[in-house]
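# Survey of secondary and tertiary structure
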Amino acid sequence: MTAVSFDNVSIIFGEQPHKALPLADQHQSRAEIQDATAQVLGVHNCSLDVEEGEILVLMGLSGSGKSTLLRAVNGLNPVVRGAVRVHDGQEMVDVTSCSGQKLREMRQSRVAMVFQQFGLLPWRTVAENVGFGLELAGQSTAKRTETVKQQLALVGLSDWADHKVGELSGGMQQRVGLARAFATQAPILLMDEPFSALDPLIRTRLQDELLDLQRDLKRTIIFVSHDLDEAFKIGNRIAIMEGGRIVQVGTPREIFSNPASDYVAEFVANMNPLGVLTARDVMEPGTGQQSTDIETPIRELMPLLRHGPLTVMENGTAMGRVTTDSLVARLSA
């Protein structure tokens, strides 16, 4: 089921955005449009469906439009043309044209957001920050306390409930932000570069923790990142943006193996293939002494190859084999 749908979304900043649309339709660049109209192209004709339970990563260089597109999901950025639709549990609701009351309901119950700079209230305790959204929604103190307790346990901060957030490290503060978003029970999470301000070790740890939480909670997550390694690690699919436009959408393996443009190829040029490719990508005709699944990452295949070639299986059918030579040939290509 589709949780979020972007339908030919265009966002233009300025007093006369419709002056810029014809130039954007002619594929003029952001700089050309701004010179001609004094309007700033945010995103243009972006179409994309995000499925329930999926982690979809929006990525690109700074200024590519990824955060602009993300913030259209909860109505923070106005859409000039097109529509953004969000499933409200019964039907798809167009957040670009719904009433203010309906939009507030969507923000309280359907869509939560985790910011890069945490967005915490320093004068409140960890527990009070986690329960802030529930408090605004009018939830009773008893129910809110129980929900906060559960969420703090999920992110490993139970012992810090009564501390002020200023006493926590950056990584711990971001855990508070995650707990606050999860506490609302919103099925859709918007995450705008939530780990980019953290040092690499903490960032890696929080990425792992997010994936662990996702296995249990199965939320729909739209995640903005400019870090290719991060995108390939956590994304079920990735949408790469350039100049306000989506230039390729696919799984990490699809994007790595078949970049759609020179821009995408430059992105993936320095990507470690061990984290992306699977047995499917390195097999050759034939069979081996052992078997492995067609989607087994090659990082896991390498120690197994010490015992000889591997038969690659898909749904019980032998599709080929992986040998040391076939793996080296693919990695050297």
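Refer to the preceding data block for the structure.
Here we summarise the structure given alongside this text. (Residues numbered from 1 in each chain as written. Predicted model: local features only at pLDDT ≥ 70, side-chain atom pairs only at ≥ 80, totals over all residues. Heavy atoms only, no water.)

### Comments concerning the pattern of salt bridges
In total, this model carries 13 salt bridges according to the counting rule given. In this structure, D88 and K102 form a salt bridge, with 3.1 Å as the shortest nitrogen-oxygen distance. Of this pair, D88 sits in the loop between β4 (81-87) and β5 (92-94) while K102 sits in helix α4 (residues 100-109); the two residues are 14 residues apart in sequence, bridging distant segments of the chain. Judged by relative accessible area, which is 23%, K102 ranks as partly exposed. The salt bridge involving D208 is made with K233; its shortest N-O contact spans 2.7 Å. Of this pair, D208 sits in helix α9 (residues 200-217) while K233 is found in helix α10 (residues 228-234), placing the two residues 25 residues apart along the sequence. (Salt bridge = Lys/Arg side-chain N within 4 Å of Asp/Glu carboxyl O. Helix = DSSP H or I, 4+ residues; strand = E, 2+ residues; numbered from the N terminus. Buried < 20%, exposed > 50% of the residue type's maximum accessible area, 1.4 Å probe, protein only.)

### Overview of the side chain of H87
By the secondary structure assignment, H87 is in strand β4. Of the residues examined, H87 reaches a relative accessible area of 10% and is grouped as buried. Engagement of the side chain of H87 in a polar contact is seen with the backbone nitrogen of G89, the distance being 3.0 Å. Residues within four places of H87 in sequence aside, it is in contact with M1, T2, A3, M92, M106, R110 and I188. (Polar contact = N/O pair within 3.5 Å; in protein donor to acceptor, adjacent residues only side chain to side chain. Contact = heavy atoms within 4.5 Å.)

### So, the packing of aromatic side chains
A ring pair, where both rings are aromatic, is described by two values, the distance of the centres and the angle of the planes. Applying the stated rule across the entire model yields two aromatic pairs. Ring geometry for F195 and F223: centres 5.9 Å apart, planes at 55 degrees, overall tilted. Here F195, found in the loop between β7 (188-192) and α9, pairs with F223, found in strand β8 (residues 220-225); they are 28 residues apart in sequence, far enough to count as distant. Seen from their ring centres, Y263 and F267 are 5.2 Å apart, and the 80 degrees between their planes marks the pair as edge-to-face. Of this pair, Y263 and F267 are both found in helix α12 (residues 262-268), four residues apart, which corresponds to roughly one turn of the helix. (Phe/Tyr/Trp six-rings, centres within 6.5 Å; stacked < 30°, edge-to-face > 60°.)

Purely spatial values, then, with no claim about function.
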